[in-house]
Amino acid sequence: MKSLKVIDMSKVKQLSEMGESCFANAALETITLPKGLTKIPKFAFASSSLKSIVIPDSVTEIGEDAFSECAKLETVQFGKGVNLIGVRAFFMAGMKSIDIP
């Protein structure tokens, strides 16, 4: 997925989990996650080109290394449901702003 830059999954109704490393190393800059998603698995966005992400309220867990080495990731907005953040979930991410409810 070297050329895919934008994904909008906001209308997806039945997706509760994604596979490990599903968007790792992608050129992906923007993604809108579905409201029914419950877990962001380990290495899901590792080393991707994400610039910002809004984590839906339905997400309760962020896996280890989920956003590790996302150097362009500057803004993260957590949903109200997150109660577990894995080890190194944001290791070496370029975050400048974090919104935790």
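Residues numbered from 1 in each chain as written. Predicted model: local features only at pLDDT ≥ 70, side-chain atom pairs only at ≥ 80, totals over all residues. Heavy atoms only, no water.

Caption draft 1: Structural view of the packing of aromatic side chains. One pass over the structure, following the stated rule, counts 4 aromatic pairs. With a centroid separation of 5.2 Å and an interplanar angle of 5°, the aromatic rings of Phe-45 and Phe-67 are classed as stacked. Placement of the pair is Phe-45 in the loop between β3 (39-40) and β4 (52-54) and Phe-67 in the loop between β5 (61-62) and β6 (75-77), with a sequence separation of 22 residues. (Phe/Tyr/Trp six-rings, centres within 6.5 Å; stacked < 30°, edge-to-face > 60°. Helix = DSSP H or I, 4+ residues; strand = E, 2+ residues; numbered from the N terminus.)

Caption draft 2: Region of the structure containing the side chain of Asp-65. Mapped onto the elements, Asp-65 comes out in the loop between β5 and β6. Judged by its relative accessible area of 5%, Asp-65 is buried. (Buried < 20%, exposed > 50% of the residue type's maximum accessible area, 1.4 Å probe, protein only.)

Caption draft 3: Structural view of the sheet that holds strand β8 (residues 97-99). With parallel pairing, 3 strands are arranged side by side in an open sheet as β4-β6-β8. What marks the edges here is a single partner per strand, and that holds for β4 and β8. Recorded for the sheet is a direction-independent mean angle of 5° between the axes of neighbouring strands. Judged from the 3 bridges that link them, β6 and β8 form a sheet pairing that is parallel. Each bridged residue has a counterpart across the sheet, and for Thr-75 the counterpart in β8 is Ser-97. (Pairing = 2+ DSSP bridges. Axes fitted to C-alpha atoms, helices over the stretch in contact; angles between N-to-C directions.)

Caption draft 4: Structural detail: the environment of Ile-40. Its location among the elements puts Ile-40 in strand β3. Separated by 24 residues in sequence, Ile-40 and Ser-16 place their C-alpha atoms 9.3 Å apart. The residues contacting Ile-40, other than those within four sequence positions of it, are Met-18, Leu-33, Phe-45, Ile-55, Val-59, Glu-61, Ile-62, Gly-63, Ala-66 and Phe-67. (Contact = heavy atoms within 4.5 Å.)

Caption draft 5: Expanded view of unusual backbone geometry. For Phe-43, which is not glycine, the phi torsion reads 60° and is therefore positive. Relative to the assigned elements, Phe-43 resides in the loop between β3 and β4. For Phe-43, a relative accessible area of 31% corresponds to the partly exposed category. Despite not being glycine, Asp-65 shows a phi value in the positive range, around 60°.

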